[in-house]
Amino acid sequence: MEKREFTITAYTENTVGLLHRITIIFTKRKINIESITASESEMENIYRFTIAVTETEELVGKVVKQIEKLVEVHKAAYFKKEEVVQQELALYKLATESLTNGLEVERIVREHSARFLTIEKNFVVIEKAGYRREAFALFDELKPFGIKEFVLSGRVAVSRAEHGIGAEVRELLQAETNT
Amino acid sequence: MNTIEAPSKMETKSTKTTERVTGADAVVRILLQEGVDLVFGYPGGAIMPVYDSLYDYQDKIHHVLARHEQGATHAAQGYARASGKVGVCLATSGPGATNLITGLADAQIDSTPMVCITGQVPSALLGSDAFQETDVIGISMPVTKWNTQVTRAEEIPEALAKAFYIAKSGRPGPVLVDITKDAQFQEFDFNYEKCTGLRSYVPVPELDQTKVQEAADLINNAERPYILFGQGVILGNAEKEFKTFIEKTGIPSAWTIMGLSALETDHPLNVGMLGMHGNYGPNLLTNECDVLIAIGMRFDDRVTGNLDKYAKQAKVIHLEIDPAEIDKNVNTDVAVLGDCKESLTELTKLVEPKSHDKWLQRFRDCDAMEQEKVIQNELHPTTDLLSMGEVIRIINEKTNGDAILVTDVGQHQMVACRYTKFNQSKSNITSGGLGTMGFGLPAGLGAALGAPDRTVVTVIGDGGLQMTIQEFATIYQTRAKVKVLLLNNEFLGMVRQWQQLFFDKRYSATEMINPDFQTIAKGYHIPTNKVTERDKLDEAITEFINHDGAYFLEVMVGKENNVFPMVPSGSGVAEIRLE
Ligand SMILES: Cc1ncc(C[n+]2csc(CCOP(=O)(O)OP(=O)(O)O)c2C)c(N)n1
Ligand SMILES: [Mg+2]
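A short tour of the structure in this document, coming up. (Residues numbered from 1 in each chain as written. Chains lettered and ligands numbered in written order. Predicted model: local features only at pLDDT ≥ 70, side-chain atom pairs only at ≥ 80, totals over all residues. Heavy atoms only, no water.)

As for the interface of chain B and chain A
Interface size, as often reported, equals the accessible area lost upon joining of the parts.
Step number 1: Contacts between chain B and chain A engage 27 residues on the former and 25 residues on the latter.
Step number 2: Counting the surface lost from both chain B and chain A, the interface buries some 2,300 Å², and carbon and sulfur atoms represent 53% of this.
Step number 3: Here chain B and chain A share 2 salt bridges between them.
Step number 4: Note that B:R199 and A:E13 form a salt bridge whose closest N and O atoms lie 2.5 Å from each other.
Step number 5: Counting across the chain B and chain A interface gives 9 residue pairs in polar contact (both at pLDDT 80 or more). (Contact = heavy atoms within 4.5 Å. Buried area = accessible area lost by both parts, 1.4 Å probe. Salt bridge = Lys/Arg side-chain N within 4 Å of Asp/Glu carboxyl O. Polar contact = N/O pair within 3.5 Å; in protein donor to acceptor, adjacent residues only side chain to side chain.)

Section: unusual backbone geometry
Residue and element names in this part refer to chain B.
Step number 1: In this model, F564 is joined to P565 through a cis peptide bond whose omega is 0°.
Step number 2: Here Q132, not a glycine, exhibits a phi torsion of approximately 60°, which is positive.
Step number 3: Topologically, Q132 is positioned in the loop between β6 (114-120) and α6 (136-140).
Step number 4: Taking the relative accessible area as the measure of exposure, Q132 reaches 27% and is therefore partly exposed.
Step number 5: At K426, a residue that is not glycine, the phi angle is positive and equals roughly 55°.
Step number 6: Checked against the element boundaries, K426 lands in the loop between α17 (411-419) and β18 (428-429). (Helix = DSSP H or I, 4+ residues; strand = E, 2+ residues; numbered from the N terminus. Buried < 20%, exposed > 50% of the residue type's maximum accessible area, 1.4 Å probe, protein only.)

As for the coordination of the magnesium ion (ligand 2)
Residue and element names in this part refer to chain B.
Step number 1: Looking at the metal site, the magnesium ion (ligand 2) is ligated by D462 (OD), N489 (OD1) and F491 (O), spaced 2.0 to 2.2 Å from it.
Step number 2: Along the chain, the residues that donate to the magnesium ion (ligand 2) are spaced as D-x26-N-x1-F. Residues N489 and F491 agree in their burial class; the two are buried. (Donors = N, O, S within 2.8 Å, 3.2 Å for Na, K, Ca; no water.)

Digging into the site of ligand 1
Residues and elements named next belong to chain B.
Step number 1: Around ligand 1, the structure places 18 residues, and the nearest of them are Q411, H412, D462, G464 and G493.
Step number 2: Taking Q411, its main chain carries an N or O atom lying 2.8 Å from an oxygen atom of ligand 1.
Step number 3: With respect to ligand 1, the side chain of D462 contributes an N or O atom lying 2.8 Å from an oxygen atom.
Step number 4: Here ligand 1 loses 76% of its free accessible area of 580 Å² to cover by the protein chains.
Step number 5: For the shell around ligand 1, the secondary structure elements donating two or more residues are α17, α19 (462-465) and α21 (493-502). (Near = heavy atom within 4 Å. Areas by Shrake-Rupley, 256 points an atom, 1.4 Å probe, with all protein chains shown as cover.)

Notes on the packing of aromatic side chains
All names here are of chain B.
Step number 1: Per the counting criterion, the structure on display carries 17 aromatic pairs over all chains.
Step number 2: When the centroid spacing of 5.8 Å and the interplanar angle of 65° are considered together, the rings of F40 and Y79 count as edge-to-face. Separated by 39 residues along the polypeptide, F40 in strand β3 (residues 38-41) and Y79 in helix α3 (residues 69-83) bring together distant segments of the chain. Here the two residues F40 and Y79 agree in accessibility, since each one is buried.
Step number 3: Residues W359 and F363 carry aromatic rings whose centres are separated by 5.1 Å and whose planes lie at 75° to one another, so their mutual orientation is edge-to-face. Linking W359 with F363, this pair stays in helix α15 (residues 357-379), spanning 4 residues, or about one helical turn. (Phe/Tyr/Trp six-rings, centres within 6.5 Å; stacked < 30°, edge-to-face > 60°.)

With respect to the side chain of B:T407
All names here are of chain B.
Step number 1: Here T407 is to be found in strand β17 (residues 404-407).
Step number 2: Look at T407 and you get buried, because its relative accessible area is 0%.
Step number 3: Of note is the side chain of T407, whose polar atom sits 2.6 Å from the side chain of T430.
Step number 4: Once residues lying within four places of it in the same chain are set aside, the contact partners of T407 are Q413, A416, C417, I429, T430, S431, F439, G440 and V459.

Looking at the packing of helix α9 (residues 209-220) of chain B against helix α14 (residues 340-350) of chain B
When two helices pack together, their arrangement is given by the angle between the helix axes and by the axis-to-axis distance.
All names here are of chain B.
Step number 1: It is at 9 Å that the axes of α9 and α14 come closest, and there the two elements cross at 50°. Looking at the two axes, α9 sits oblique to α14. For α9 against α14, the interelement crossing comes out right-handed. Within the contact between the two elements, α9 uses Q209, V212, Q213, A215, A216, I219 and N220 and α14 uses E346, L347 and L350.
Step number 2: When its residues are assigned to classes, the contact of α9 with α14 shows 6 nonpolar, 3 polar and 1 charged. (Axes fitted to C-alpha atoms, helices over the stretch in contact; angles between N-to-C directions. Parallel < 35°, antiparallel > 145°, perpendicular 65-115°, else oblique. Left-handed = near helix turned anticlockwise from the far one by under 90°. Nonpolar A, V, L, I, M, F, W, Y, C, P; charged D, E, K, R; others polar.)

Description of the nonpolar core
Residues and elements named next belong to chain B.
Step number 1: Counting 97 residues, the largest nonpolar core has Y226, L292, I295, I317 and V555 as the members making the most contacts within it.
Step number 2: Built from parts of two domains, this core gets at least three residues from each of domain 2 (209-363) and domain 3 (380-556).
Step number 3: Dropping the residues within four chain positions of it, I317 is found in contact with A215, L218, I219, V291, L292, I293, A294, T332, V334 and V336.
Step number 4: If you look at the next biggest cluster of nonpolar residues, it comprises 50 residues, including Y79, A82, A451 and I460. (Core = buried A, V, L, I, M, F, W, Y, C linked by side-chain atoms within 4.5 Å. Domains from an automatic or database assignment.)

Below, the structure written as structure tokens:
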């Protein structure tokens, strides 16, 4: 089976060590996690992990079941590229001089739909939200001007489905409060 | 991130009388409320407050002092599997905690309910490489169903309530609670309520009747249906439901090593053992059945052999409590999720009464072949050398199949599991998934304490015995009536067999120049005997079984005997070799 890009989403409790428990499942099968983020979700006190991997669908399916099996995970699911709306956030730090030697950098930033987050005396920070490849395309264009720092946030994604698995979690929680 | 613990449903019959106690005292009181009257463990600095509290409750909780923390874990496993209760272990921080890891891994892979409580350095020292500090939470995470660290006394009740609940609910498993020493000393207002549910955790998936119907349809239309059953039947207390189901459908049924004893050996539909050293028919005919019904088993590679050559012709039904097992190794046509006690009951209602005499006869024919080529020789050898099989045969004659069999890991394990007769469930205790040498002696001790009214025979090799031999001291101190059978071939026999068959007889590091086990057992005050001649065997075994108390019997067996049949690793089940 062919390896493809997948996004795994898990709704969880917010407990110490859960991140470690989740990553162990990947380590055991020697799967590389391309990025992993944990954040609040739309539900109070429910957290949400977003994990980016490139793997076969078969393996991703097995991993997702093993994530969902963890005591503190409510629901987990995986999505193909076309099933999610996804973004990453990139920050680029350049010397302020790069702006004073012509309009080139400003043009590039505009063309890439990026923006200046801050312009300080010695440095500027450019922010770009988009796909990973867009972030790297901008990186390549800015490179000649001297990138002092670069960082990418890791993927965040929401599903294109009307309700997503969040609705299932909400139902579970609802059932819980009713009993 | 702030830490909000998963809120748990607590029992509502609130006897809300709080009392001021220390964390350590709370631990012991909670053990009592959870019905624990026996714990295994080993003291040390960081767990001393709990041990101090135990001193006050000696009349209510018996503490078994193992001689190594690994021994404590295997003893707790043996106890849990013989009694059906949760095994409890105590250990100190650092080396005490790391010594638990093998037992935790064993319990995790064999789904054994166990609660381990470790002491930890005071919370102010966490992360500073303090004396005897190890990150036991991190180390034990891959080998526990759940674990947690407690740094304040008031967290103890909820942590332990969850621990017991998680360990025994759904698919059971080991959990670990790490308690800092300051939390053990701290006083707080104690009140305990058992945990009855966690909102993020579904221990038993809801049964889907349409799946039951689909399974029934497949079974009703099958010509050569075949059942593989595992420990799920035992863990689900579903032995009766299982038997009703197979008797109604007349389906031949084979067991995994973990499912052994769920169905009595002599049952006409019990066709034998699956896997690498299982029986001939059960392996061969896996690739001839048309519907394969897996019940509470997980298609371990020791059962399936090469998956590309496994049951490709069959429709597969999988009755299973753990959704992560579905399609993990073998793709399923119908997955019936749920507790098999319930799913088997429902399924039995929908299946038609049948018998499959011709198909069953195939298993009998295979058995006849195996009898002739393997079993007859193993149980009634014609050479002077004693065989492991004949020892087990005579034990069967003396116990009539009523004993609990505990085994270590190796050739003796395979022979004992293949040939021991069982009349009742929860009678086979072995390290199946992890194959942990050193399991047998402590697990035997634990089983004898967990089922004091039953005869417990633990069968061990000369290699494995020396991995946890110190537990003879625990056997002596507890007066556990465990019968220890050493099948001594002066080799790491199972590895030697592979070297003989697959590595040109290059016996690299498998021959053992052994100590005098008789002297050792005597040193531990265990009555002992050694047999080297066939004509002494019967009498020695009679004494071994009848002796009222622990006993050590050593039998010298053929040094280079092999266990057959065998599915060589990498081969398909149908490529099983009889010789
Ligand atoms: C802790 C551990 N180390 C190594 C092994 C690999 N191993 C499996 S069987 C075996 C030989 C066991 O020898 P013995 O206890 O004498 O039993 P026998 O096979 O001779 O009956 C070994 C070394 C293991 N299963 N467990
Ligand atoms: Mg040996």
